[in-house]
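One-letter residues, chain by chain:
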Amino acid sequence: MKLILAVILFIAIIIANSVYINADENDCGFIALLELQAIVQCSDVHQISREAVEGILNHDFVLDDHEVKCWLSCVLKKLVVIKEGKMDWDYFKHLIKHCLNNQDDKTKVDKLIRKCKAEVSQQQKDVCELAYSATACKISAWKELGLP
């Protein structure tokens with residue numbers, strides 16, 4: 001597993017070198033690199049299967065497993081989507097939309113965020129549960145709205 005993560009990190013460094021030096025937080029490649037970096041770092045701390053990661057990234061499923069939940073929490077904290085134990089729904093929406101080109105899909109993401117913001121309690125004391133609830137809602141709404 002560590003060898004795979006080392007290879008992924010090496011690839012991420014190569015990608016980073018190809019990203020424009022003046023990249024900003026709205027650049028699709030820059031945000032994708034930040035996401036990859038968070039995934040690699042959190043995978044080193046929380047050992048979850050490749051299938052679990054792929055299920056999440058492909059919007060297929062998220063396992064109801066404590067280690068997966070804490071991996072999600074780690075990733076969302078590193079992406080600054082979870083701050084001080086609370087979801088930053090506006091920034092989450094920004095990250096989800098970052099590489100979508102179709103305006104209809106971007107409108108669907110607005111609906112997704114409204115739905116999940118209403119369904120996911122900000123009062124959850126366990127940040128791993130918060131990350132899981134937000135991700136499970138995102139995946140469910142993603143499929144329901146027919147996002148790519």
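Here's what I pulled together on the structure shown here. (Residues numbered from 1 in each chain as written. Predicted model: local features only at pLDDT ≥ 70, side-chain atom pairs only at ≥ 80, totals over all residues. Heavy atoms only, no water.)

1. Observations concerning the side chain of His 59
Positionally, His 59 belongs in the loop between helix H3 (50–57) and helix H4 (66–78). By relative accessible area, which is 14% here, His 59 ends up buried. Dropping the residues within four chain positions of it, His 59 is found in contact with Lys 138, Ile 139, Trp 142 and Lys 143. (Helix = DSSP H or I, 4+ residues; strand = E, 2+ residues; numbered from the N terminus. Buried < 20%, exposed > 50% of the residue type's maximum accessible area, 1.4 Å probe, protein only. Contact = heavy atoms within 4.5 Å.)

2. Observations regarding the packing of aromatic side chains
Counted by the stated rule, this structure contains one aromatic pair. A cation over a ring is seen here: Lys 69 above Tyr 132, with NZ or CZ 4.6 Å from the ring centre. (Phe/Tyr/Trp six-rings, centres within 6.5 Å; stacked < 30°, edge-to-face > 60°. Lys NZ or Arg CZ within 6 Å of the ring centre and 35° of its normal.)

3. So, the nonpolar core
Grouped together as the largest cluster of nonpolar side chains are 39 residues, with contacts concentrated most on Trp 71, Met 87, Trp 89, Phe 92 and Leu 112. Listed by contribution, the elements that provide at least two residues to this core are helix H2 (28–45), H3, H4, helix H5 (89–97), helix H6 (103–119) and helix H7 (127–145). The element best represented in this core is H7, accounting for nine residues. Setting aside residues no more than four positions away along its own chain, Met 87 makes contact with Leu 76, Val 81, Ile 82, Phe 92, Gln 122, Leu 130 and Ala 134. (Core = buried A, V, L, I, M, F, W, Y, C linked by side-chain atoms within 4.5 Å.)

4. Side note on the environment of Asn 58
Here Asn 58 lies in the loop between H3 and H4. Sequence-wise, Asn 58 and Pro 148 are 90 residues apart; in three dimensions their C-alpha atoms are separated by 9.5 Å.

5. Overview of unusual backbone geometry
The phi torsion at His 59 lies on the positive side, around 60 degrees, for a residue other than glycine. Of note in the backbone geometry, Val 80 takes a positive phi value of approximately 60 degrees without being a glycine. You can see Val 80 is positioned in the loop between H4 and strand S1 (82–83). A residue is classified by how much of its surface remains accessible, and Val 80, at 38% relative accessible area, is partly exposed.

6. Some words on the state of the cysteines
Put plainly, two cysteines are in a disulfide when a covalent bond ties their sulfur atoms together. The tally for this structure, following the rule as stated, stands at four disulfides. Bridging Cys 28 to Cys 99, the disulfide has an S-S length of 1.5 Å. Measuring handedness by torsion sign, the sulfur bridge of Cys 28 and Cys 99 sits at about 100 degrees and is right-handed. Taken together, the residues span a long stretch of sequence, with Cys 28 in helix H2 and Cys 99 in the loop between H5 and H6 at a distance of 71 residues. A relative accessible area of 31% places Cys 99 in the partly exposed class. When the cysteines engaged in disulfides are numbered in sequence order, the protein chain pairs them as 1-5, 2-4, 3-7, 6-8. (Disulfide = S-S within 2.5 Å.)

7. Some words on the environment of His 98
Position of His 98 among the secondary structure elements: in the loop between H5 and H6. Look past the residues within four positions of His 98 in its chain and what remains in contact with it is Cys 28, Ile 31, Ala 32 and Glu 35.

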